[in-house]
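# Overview (structure and organization)
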Amino acid sequence: MIAPYEVENYQECFRETHVWDTNWKVLAENFMESYHLPVCHADTVGGHSKLEEMDCPPGLKAFNYHWITKEASLPMGNAHPDNTRLTGHWRKTTALITLYPSHLITLTPGYFWYLSLHPKGPGQVAITFGGGLSPEFMADPKAGEFVATLKTLLDEVNLEDRGCTEKVYRGLSADKAVPGHLSYLERPIYDFMQYIAERTAGFERSFAQAAE
Ligand SMILES: [Fe+2]
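Treat the numbers as computed from the prediction; the structure is a model and nothing was measured. Residue numbering note: each chain is counted from 1, following its sequence as written. Whole-chain, interface and lining totals are the exception, using all residues; otherwise, since this is a predicted model, local features are given only for residues with pLDDT of at least 70 and side-chain atom pairs are given and counted only at 80 or more. Hydrogen atoms and water are omitted, and side-chain values are computed over all heavy atoms in the structure.

## Section: the overall build of the protein
How we decide: We count a stretch as a helix when DSSP gives it H or I for four or more residues in a row; a strand needs E for two or more, and each element gets its number in order from the N terminus. The globule rule used for comparison is 2.2 Å times the number of residues to the exponent 0.38, while the radius of gyration itself is calculated over C-alpha atoms. Whether two residues are in contact is decided by their heavy atoms: any pair within 4.5 Å suffices. Only the protein chains shown count as cover for residues, and the accessible areas themselves come from Shrake-Rupley with a 1.4 Å probe. Positive charges come from Lys and Arg alone, negative charges from Asp and Glu alone, with His and the N- and C-terminal ends not counted. Think of each charge as sitting on NZ of Lys, CZ of Arg, CG of Asp or CD of Glu.
Each helix and strand counted, the protein has five helices and seven strands in total. Listing each helix as α and each strand as β along the protein from the N terminus yields β-α-α-β-β-β-β-β-β-α-α-α. A compact globule built from 212 residues should have a C-alpha radius of gyration of about 17 Å, and the protein, at 17 Å, falls within 12% of that. Taken over the C-alpha atoms alone, the protein extends approximately 55 × 40 × 30 Å along its principal axes. Looking at the protein alone, contacts between residues at least 24 apart form 68% of all its contacts between residues at least 6 apart. Counting only carbon and sulfur atoms, one obtains 56% of the accessible surface of the protein, whose full area is about 11200 Å². Between the centroid of the 18 positive side chains of the protein and the centroid of its 27 negative side chains there is a distance of 4 Å.

## A few points about the pattern of salt bridges
To keep it simple, the criterion reads: By salt bridge we mean one thing: a side-chain nitrogen of Lys or Arg within 4 Å of a carboxyl oxygen of Asp or Glu. Buried means the residue's accessible area, taken with a 1.4 Å probe over protein chains only, is under 20% of the maximum for its type, while exposed means over 50%, and partly exposed covers the values in between.
Evaluation of the coordinates by the stated rule reveals eight salt bridges. Between Glu136 and Arg85 there is a salt bridge, with the nearest N and O atoms lying 2.9 Å from each other. Note that Glu136 is positioned in helix H3 (residues 135-139) and Arg85 in the loop between strand S3 (63-69) and strand S4 (93-99), a separation of 51 residues in sequence. Looking at Arg85, the relative accessible area reads 23%, which means it is partly exposed. Salt bridges sharing common partners tie together Glu16, Lys151 and Asp155.

## What to know about the coordination of the iron ion
Stated formally: With water excluded from the atoms, a metal site may look incomplete; its donors are any N, O or S atoms within 2.8 Å, or within 3.2 Å for Na, K and Ca. In this scheme the shape depends on donor count and angles: four donors with every angle between 85 and 135 degrees give tetrahedral, four or six donors with opposite pairs above 155 degrees and others between 65 and 115 give square planar or octahedral in turn, and any other case is irregular.
Only His36 (NE2), His41 (NE2), Asp161 (OD) and Asp161 (OD) from the protein reach the iron ion as donors, at distances of 2.0 to 2.5 Å. The site at the iron ion holds four donor atoms, and with the angles between them running 56 to 153°, its shape is irregular. When the donors of the iron ion are listed by position in the chain, the intervening gaps give H-x4-H-x119-D. Of this pair, His36 sits in the loop between helix H1 (24-32) and helix H2 (37-40) while Asp161 sits in helix H4 (residues 143-172), placing them 125 residues apart in sequence. For the pair His36 and Asp161, a shared accessibility class is recorded, and that class is buried.

Here it is as C-alpha cells:
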C-alpha cells in the first residue's frame, strides 16, 4: 500500500525517548484520528488541515491507517522536485499508520516520523520518538537545514500532543467520565478498539474482503 514511497531508502536522522503522563491507548488513539489537528495543533501543522482532506478506510488485521492529501506546511511534506518515484496525488499524500498495538508512523513524500509506545503503567508511557528524510531531501544541499526544521517542528507537535493526551487521560480518570460515540473520522480507533477487545476479552473481529 505504501510501496511508492520506497521508505526503505529514507534515512533516520534522530531518535530519542520521553516519558509522558498519559495512558498509552489515549496516545495511540490520538494518533489514529487527524481531526484534532486544527485544534490541538493550531499553532503548528493544524492551521490548514481540513476534514475533507482525510480518508479513513477500514483497518486490517495487524494495522490501521488513514490518509491526508494536501499541500504541506513544510516543503518536506510534499515530494522533492528530484523525486520522480511518486506521481499524481502521491506527491502530496501523507500516510498515518498504526501497527498494532503500539507503533505509530507518519509517512510523507519527504519525511517520516514515528512513536513507539512502551507503557510504564496505566498512567505513564515511555515513547521512543524518531524521524528522518527521504533520499531526495537528504541529497539536497540544504539537507542539514531540512533536518533541523523538521526536528524543531516535530518537537513542537509532540509538545502539543503531550498537552492534549495528558489532559484527556486526566479527564478519563474522573469519576463522572462516560464514553461517547465515535465519529466517522475515528474509523481507525474503532478498529483499534476491536483489536484490543479481541486480545483482552475474546471478541471476534471480522474483516471485509481485503482490497487489492
Ligand atoms: Fe497530534
